[in-house]
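Here is what each chain is made of, one letter per residue.
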Number of protein chains: 4
Amino acid sequence: MSSKTALAVTAENTDIFEEMESSVQSYALSFPTTFDRAEGAYLFDQKGKKYLDFLAGAGTLNYGHNHPFLKSRLLDYISRDGITHGLDMHTDAKENFLKTFDEVILAPRKMNYVVQFTGPTGTNAVEAAFKLARNIKRRHNIISFTNGFHGVSVGAMAATGNSHHRNASGIPLGGVTFMPYDGYMGPDVDTTEYLDKILSDSSSGIDHPAAAVVETVQGEGGLNVASADWMRNLEKVCRKHDMLLIVDDIQAGCGRTGSFFSFEDMGIEPDIITLSKSLSGYGLPFAVTIFKPEYDMWKPGEHNGTFRGNNHAFVTATAAFEHFWQNERFVNDVRNKGKLLEVALNKIARNYPDDDLMGKGRGMMRGLSCANGEVASKIVRKAFSKGLVIETSGSESQVVKCLCPLTITEDELLAGLFTLRSCVEEVLGTGTAQG
Amino acid sequence: MSSKTALAVTAENTDIFEEMESSVQSYALSFPTTFDRAEGAYLFDQKGKKYLDFLAGAGTLNYGHNHPFLKSRLLDYISRDGITHGLDMHTDAKENFLKTFDEVILAPRKMNYVVQFTGPTGTNAVEAAFKLARNIKRRHNIISFTNGFHGVSVGAMAATGNSHHRNASGIPLGGVTFMPYDGYMGPDVDTTEYLDKILSDSSSGIDHPAAAVVETVQGEGGLNVASADWMRNLEKVCRKHDMLLIVDDIQAGCGRTGSFFSFEDMGIEPDIITLSKSLSGYGLPFAVTIFKPEYDMWKPGEHNGTFRGNNHAFVTATAAFEHFWQNERFVNDVRNKGKLLEVALNKIARNYPDDDLMGKGRGMMRGLSCANGEVASKIVRKAFSKGLVIETSGSESQVVKCLCPLTITEDELLAGLFTLRSCVEEVLGTGTAQG
Amino acid sequence: MSSKTALAVTAENTDIFEEMESSVQSYALSFPTTFDRAEGAYLFDQKGKKYLDFLAGAGTLNYGHNHPFLKSRLLDYISRDGITHGLDMHTDAKENFLKTFDEVILAPRKMNYVVQFTGPTGTNAVEAAFKLARNIKRRHNIISFTNGFHGVSVGAMAATGNSHHRNASGIPLGGVTFMPYDGYMGPDVDTTEYLDKILSDSSSGIDHPAAAVVETVQGEGGLNVASADWMRNLEKVCRKHDMLLIVDDIQAGCGRTGSFFSFEDMGIEPDIITLSKSLSGYGLPFAVTIFKPEYDMWKPGEHNGTFRGNNHAFVTATAAFEHFWQNERFVNDVRNKGKLLEVALNKIARNYPDDDLMGKGRGMMRGLSCANGEVASKIVRKAFSKGLVIETSGSESQVVKCLCPLTITEDELLAGLFTLRSCVEEVLGTGTAQG
Amino acid sequence: MSSKTALAVTAENTDIFEEMESSVQSYALSFPTTFDRAEGAYLFDQKGKKYLDFLAGAGTLNYGHNHPFLKSRLLDYISRDGITHGLDMHTDAKENFLKTFDEVILAPRKMNYVVQFTGPTGTNAVEAAFKLARNIKRRHNIISFTNGFHGVSVGAMAATGNSHHRNASGIPLGGVTFMPYDGYMGPDVDTTEYLDKILSDSSSGIDHPAAAVVETVQGEGGLNVASADWMRNLEKVCRKHDMLLIVDDIQAGCGRTGSFFSFEDMGIEPDIITLSKSLSGYGLPFAVTIFKPEYDMWKPGEHNGTFRGNNHAFVTATAAFEHFWQNERFVNDVRNKGKLLEVALNKIARNYPDDDLMGKGRGMMRGLSCANGEVASKIVRKAFSKGLVIETSGSESQVVKCLCPLTITEDELLAGLFTLRSCVEEVLGTGTAQG
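Residues numbered from 1 in each chain as written. Chains lettered and ligands numbered in written order. Predicted model: local features only at pLDDT ≥ 70, side-chain atom pairs only at ≥ 80, totals over all residues. Heavy atoms only, no water.

Novice: Tell me about the relation of the copies chain A and chain B, residues and numbers included.
Specialist: Note on the copies: chain A fits chain B at an RMSD of 0.0 Å, the axial shift is 0.0 Å, and the rotation between them is 180°. When the rotation and shift are considered jointly, the pair of chain copies conforms to a two-fold rotation axis. Taking C-alpha positions as the reference, the residue of chain A nearest the rotation axis is V154 of chain A, at 2.7 Å. Comparing contact sets, 100% of the residues at the interface of chain A also lie at the interface in chain B, consistent with an isologous, same-surface contact. (Least-squares fit on C-alpha atoms with pLDDT ≥ 70 in both. Contact = heavy atoms within 4.5 Å.)

Novice: Go over the sheet that holds strand β1 (residues 35-39) of chain B, please, and point to the residues and values.
Specialist: All names here are of chain B. The sheet built from four strands is open, its strands ordered β1-β2-β3-β15 with mixed pairing. Of all the strands in the sheet, just β1 and β15 (388-389) have a single pairing partner and so form its edges. Across three bridges, the pairing between strand β2 (residues 42-45) and strand β3 (residues 50-53) is antiparallel. Opposite F44, over in β3, you have K50 as the bridge partner. (Pairing = 2+ DSSP bridges. Helix = DSSP H or I, 4+ residues; strand = E, 2+ residues; numbered from the N terminus.)

Novice: Let's hear about the layout of surface pockets: which residues, and what values?
Specialist: Of the pockets and cavities examined, the second largest pocket occupies roughly 1,300 Å³. The wall of the second largest pocket is formed by 48 residues, among which G170 of chain B, R138, R139 and H140 of chain C together with G170 of chain D lie closest to the centre. Counting residues per element, the ones that place at least two in the lining of the second largest pocket are α6 (122-137) of chain A, α8 (163-167) of chain B, α6 (122-137) and α9 (191-200) of chain C together with α8 (163-167) of chain D. Of the residues forming the lining of the second largest pocket, the biggest block, five residues, is contributed by α6 of chain C. (1 Å grid on protein atoms, 1.4 Å probe; cavity = no way out; pocket = protein on both sides within 12 Å on 5 of 7 lines; lining within 4 Å. Points joined across faces, edges and corners; volume = space filled by probe spheres on them.)

Novice: Give a detailed account of the packing of helix α5 (residues 92-106) of chain D against helix α11 (residues 311-324) of chain D, specifying residues and quantitative values.
Specialist: Residue and element names in this part refer to chain D. It is the contact of α5 with α11, at a shortest axis distance of 9 Å, that shows an interaxial angle of 30°. With respect to α11, the axis of α5 lies roughly parallel. Relative to α11, α5 is oriented so that their crossing is left-handed. In this structure, α5 uses A93, K94, N96, F97, T100, F101, V104 and I105 to contact α11, whose residues at the interface are N311, F314, V315, A317, T318, F321 and E322. Taken together, the residues of the contact of α5 with α11 sort by class into nine nonpolar, four polar and two charged. (Axes fitted to C-alpha atoms, helices over the stretch in contact; angles between N-to-C directions. Parallel < 35°, antiparallel > 145°, perpendicular 65-115°, else oblique. Left-handed = near helix turned anticlockwise from the far one by under 90°. Nonpolar A, V, L, I, M, F, W, Y, C, P; charged D, E, K, R; others polar.)

Novice: Outline the packing of aromatic side chains, listing residues and values.
Specialist: Residues and elements named next belong to chain C. A complete count under the given rule lists 94 aromatic pairs over all chains for this structure. Look at F117 and F286: their rings are 6.2 Å apart centre to centre, the planes differ by 5°, and that puts the pair in the stacked class. Placement of F117 in strand β4 (residues 114-117) and of F286 in the loop between β11 (272-275) and β12 (288-291) is noted, with a sequence separation of 169 residues between them. In this structure, F117 and F286 share a single accessibility class: buried. Relative to F321, the ring of F260 lies with its centre 5.9 Å away and its plane at 70°, an arrangement referred to as edge-to-face. One end of the pair, F260, is in the loop between β10 (244-248) and β11; the other, F321, is in helix α11 (residues 311-324), and 61 residues separate them in sequence. For F321, a relative accessible area of 1% corresponds to the buried category. (Phe/Tyr/Trp six-rings, centres within 6.5 Å; stacked < 30°, edge-to-face > 60°. Buried < 20%, exposed > 50% of the residue type's maximum accessible area, 1.4 Å probe, protein only.)

Novice: Describe the side chain of E302 of chain B, with residues and values.
Specialist: With respect to the helices, strands and loops of the structure, E302 of chain B is situated in the loop between β12 (288-291) and α11 (311-324). Not counting chain neighbours up to four residues away, the residues in contact with E302 of chain B comprise V24, H164, H165 and A168 of chain A together with K131 and M297 of chain B.

Novice: Quick rundown of helix α14 (residues 410-428) of chain A? Include the residues and the values.
Specialist: Residues and elements named next belong to chain A. Between the first and last C-alpha of α14 there are 26 Å, a value that for 19 residues agrees with the 27 Å anticipated at 1.5 Å per step. Listing the buried residues of α14 in full gives E412, L413, G416, L417, T419, L420, S422, C423 and V424. Taken from the residues just after α14, G429 is the one with a positive phi, measuring 90°. (Expected span 1.5 Å × (residues − 1).)

Novice: Would you mind going over the interface of chain A and chain B in detail, with residue names and values included?
Specialist: Between chain A and chain B, the contact holds 114 residues from the first and 114 residues from the second. Between chain A and chain B the total buried area reaches about 9,900 Å² when both faces are included, carbon and sulfur atoms providing 60% of it. Counting the contacts that link chain A with chain B gives six salt bridges. Put simply, chain A and chain B have 60 residue pairs in polar contact (both at pLDDT 80 or more) between them. The biggest single contributor to the side of chain A that touches chain B is helix α5 (residues 92-106) of chain A, with eight residues. Here the side of chain A that touches chain B is composed, by residue class, of 47 nonpolar, 43 polar and 24 charged. (Buried area = accessible area lost by both parts, 1.4 Å probe. Salt bridge = Lys/Arg side-chain N within 4 Å of Asp/Glu carboxyl O. Polar contact = N/O pair within 3.5 Å; in protein donor to acceptor, adjacent residues only side chain to side chain.)

Novice: I'd like a rundown of the packing of helix α4 (residues 68-79) of chain D against α11 of chain D, residues and numbers included.
Specialist: Residue and element names in this part refer to chain D. Direction vectors running N to C along α4 and α11 enclose 145°, while the axes themselves pass 9 Å from each other. Viewed along their axes, α4 and α11 form a crossing whose handedness is right-handed. On the side of α4, the interface is formed by F69, L70, R73, L74, Y77 and I78, while α11 contributes N311, H312, V315, T316, A319, A320, E322, H323 and F324. When grouped by side-chain class, the residues that make up the contact of α4 with α11 number nine nonpolar, four polar and two charged.

Novice: How would you explain the sheet that holds strand β11 (residues 272-275) of chain A if you had to name every residue and give the values?
Specialist: All names here are of chain A. As summarised here, the arrangement of the seven strands in space is β4-β12-β11-β10-β7-β5-β6, forming an open sheet in which the pairing is mixed. Edge positions in the sheet fall to β4 (114-117) and β6 (176-179), since each has one partner strand and no second. Ignoring strand direction, the axes of neighbouring strands in this sheet form an average angle of 25°. Across the sheet, helix α9 (residues 191-200) lies against β5 (141-145), β6 and β7 (209-214), angled at about 140° from β6, the strand it touches most.

Geometry only, nothing functional implied.
Now the structure itself:
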């Protein structure tokens, strides 16, 4: 019945999408099939075809699809009619989440933070963080960094570098000043020195910021990695200029880099941290903004939202904390696979000395930077045809991003990397490799 | 371990909340207990105390808590490892949702709309609607109405009237002009005439808007009701001035007023409609923005978000369409209970001719307007002590809002109203009633 | 040499303008000749043709062109090498200006105000007023009124209603909310009640303003007149809501309405007043913002500008105070001519009962409102061909505006009105008049 | 009568200023006397004390005070009742200005530009330039540079770096992105490369700008000088990224650097140029924005203002073009004195190897950078006590700025420099100099 019908492809299983769903879809274009079910590192489409998942919900499925422990807890909870939707009311599930989050995650790391349930999407968590920072410091400006991605609602989008998203806003985006991320001005320049200079100069034109917001690894921005030194220097600049440090750990957090928080070994203490994506562990919408208790200056209800109490997510998040984070096993495993990934990607890259291939990233947040978006796009399209779901990121979509589940087995990981290498070979030739 | 510990109440079951959760909570302050499970119109706390729910997730639980048909579908889906998190990829669950939404909801109403999955919260849907309208018309301004509520991310909040929320933004909110809602200038003034005058006057200072956004009943704004005439006139003004009409049906939609869309009998054709809250039917985070196909001018990925593919919500939403919307039974039932509510609230109000009590609202979106917020607050606090969960709305929190599940039985509804009446009596005296 | 040469008309005396001057010119299009000199109420072009001036520099030449007393003072000052350009330094000329302004204007009216030299244009004075108000109240919003005109720099333009100017800004204009001016909603509606309601409603969407800015007569807006009652009510609303009242007296001040300040008989005490246009008395660039001493919260140099010390203007302004404002003679004369104007314009209007003609305005700030801009435009074009320089104003340029010098003789005034009437007759026919 | 009276100093000749003038004054604080008349390079106060003027109206009096040739022309024009105030109408004086500007200034330099009379202050010219650029390119963003100064009305102030001015705006300033000026990142970094990188990166967060605005020498910013190479590179970046190049030549233009336009020898062709300050030559308010004819996309009246036709300024500007710019004599003289200044300032600086003294600037726009604002402030205060009027600039007011009239005689210049050196000696000791 839609006017779009005329454009519909004939393939039976996609026409309702052609007919009814907006052209705003993006991943759906890269993976032209209809998925039906999933387990661990695998997706299955309606025809039963199996795909290895190196996308993992864009970093949302760190524990894989439908992890059995989390699934069983969720089924129990639903079966016993646990509260599903709880606004911001106290519930049993939230109580367990808070306790476990404190006992398993925060307390062992000596982190004293208050939790705000912000609405269950990353952009909500970022909007809350910005409001809080602006109100605490009574200043409107926030420092963000080149190639940063923090969401697409107007407040968060102002801090998102991507012009494709920015231009869609239809209004100028204000209240944010962009500064060069680590490495942006070349390997020898510490860009926090430039930031410090700008902030120390009362005529630089940069209004005194309330805060700086930063990702330790820029997931959407192309897997750019901030060094621990740079992060420490950034924190120093924030302290010197009386600004809050906000770490947006939405993609890099929850274990992706080899520790729960991506900044754990860096010796910094962010004032505000945003978490989402893999926080529920099961792919359910969930986000929190956590901050030092002295910054809990919210008045009741100042930031609200209908779905702040997605209790199913509390249940699976609690289960994930219990299952994966009570000891070092999981983390060690992630670190090992991260090294494996690093070695494998670098090895692929070395085979193509003339093609600008480069391994990038940290922990299990890694990828292969290509000469341009066209090459990367060819690789991921080939990969899909070979049963590997994988995507690009970066300002020119030039980085093939390996965001496999952290729970992937080594064999699965190697199989995926083997497929990836064969795709690279089909696109760029066999390179200089001897075997 | 938190510095908040000092403030913690001794009550054992709330101290993790005192210790760990931000002071931004609001509902939790009104209902000081910890809820554990829920069924239909009832909530149960950890001590087993039973509460009748006249809040229903602020309009999110139109079919009550954990409806057995939806629950069973959800359990099956989870059990069979259906896709949980699907980004914007095509999935079996999304296919079923789209088909059923079209067959059961849109097609029978001769509505031809494209669906955008915007991220699963209402504010996301509104942000998407505004972007789309601004880009279609290449204008930045949007008309919103006094006492309107559309969310608290910066883009949506610009259209939200409430100063408590607005002031929390920490930056001036732009791109929106507020106009008086139906009835704002008194019963005899059609405020769309003022809007038309302002828009016809090239020196009014109001920049030509891309769109107007409106709720047919203002849920958070205090249950103010727009008449069908006014809505038609608003649509005419939009057509005359080449503006899009956006109906935010997030709270009033999904059956709350006695039809799926709140504007069905009004003879208008909104260009863009936002839906969320009760859309999943089960309280799961879900939102869509739907619009006429000719306005599907999105480029791939311009608006994105991690949780656009919350497939659990697709499953329960589909089940809800099937269960409640295939025939007129549910709607007729809602209308009958709406009338019952209206009569009962008016009867209470009439008992207090000197107390400014007034029944307000439409369908099962009704409440009791009190002289001020203090009176309303006393009533809802008393109600909670009597096992009735109910909240206020309005700019001064002066309206006691009855948002019971649409599936509530008549007996439950009458029981709740009886409790409400007794609370009113305790607060205002017995009034003039004879029995 | 310009690429515009090709378009140049052949008329010898205009081609340098065609070749070199931007198409942004407007008055020059209405009066296609080159003026050479001027005296009193008359302009003379290069060919010696004489024009009666009913435009008077858009209200800048209240004392006519090149008034001999002011001219003689200015010649003396220049001849003796008085300071011409003084930044904001203390000079003899500024000292005399301040003393005379106090003795002749402020003190007799019991007005205690501090003077800020803001840069010599009206828009500068308005920008300064807005900054001051926003900083005093620590709020960003300012109330302006439909059809208001306050200048075209970005800060002032935000408060200017005209869309032709607003659209030229190239960016959205923020920080201002427009409200209906006196009479905008019909003669029976006191629009300050709407303003009060909006400001009293914490969910109206209107952020608490720092100030309201208003013209008592809207010069550019079409000679709309605010009543004394309305102005008093506006002041009350400002007091009630802790807002400053800014009267922009740039066009209506300096005697135009029959008193030095346009609001003198209204019983109000604006917190901030802007003056410019006829302030120098001689057409020289000059503007001040004056405010109650308790609001002088400026830090040194916060608002600056190169031409704040245009000492020639100080000299002529001082001379004008001395010559015109030491007794009641001038004011009485203006009032009498204002009445004459009123009677004459109303008489013309009455002759055309079917043509929507209407006399408008106050004092010697009056005009003839026509059915539309086309009629008004025809009238002023005919007038120019008959040696009368006169312009339109209003949102549709529908008002023929008589802004003759206040010093015009009655004979000159009658001659101009006679010409105007004959132009009306040529455009609309002889009407119903019998003689 | 003012409440400020209590604070008034007893000195008779300043109390009207204490009583009546706002605390926003700045220069007046540095030069606590009342000036009465001026000639050439000298100011005289009411007591007859003579001051050598090394401030020259902050660069407005390039030809000195009350230059006799300009004065005589102005007296003649006023005496013969030439048009004083002409809105934007064609006048004899404007005709002469345009012809002479073309013949003497533009044509010999092969510059083909259209002239917009923007309102007579620099900030007006900048506001017009920004509007034009934004409308031509249909983009809101403009690149400005650290330490740039372009005025204090909201539109221009957004591009002004100084936080003292910015903070006074009371609202966030948008639509401008600041980039590092030449030399800001050290002598070896070409900051246009960073600009190019940012603009080439679609995820840098910097919205595609309509234009870049730049001063070749930053007068208020502390006499920072852009090299010709840097300016050419900036132009290249603008061309590459389809942006307009706006040169704000308000302070550096009109001969100050040794040529009429400050960029004449740089091999660049700005799209838009702003001129003001010394344009009238006599200190009268005057500003123009000139641009390439293909960019004259203004619609009539889109940018307006009461004082765009300050004909007195047209007369003196024309006289200045005729007197100073018909041959190379004046320019050569300025260049010679510029070299003398350079040598003298460097010599002073070299005497204080441990005090961070440094000569800065270009042409006759030079100064002495001190270790901090306190040192600079002591020097200028001492200078005033010795009869030398001189001021500081720079973000910390750390640069003593020598902006003497370009017409100063060598003897006067040397006398002033001698005084300056003695002040430095009094503040910093005699240094290492031998005589």
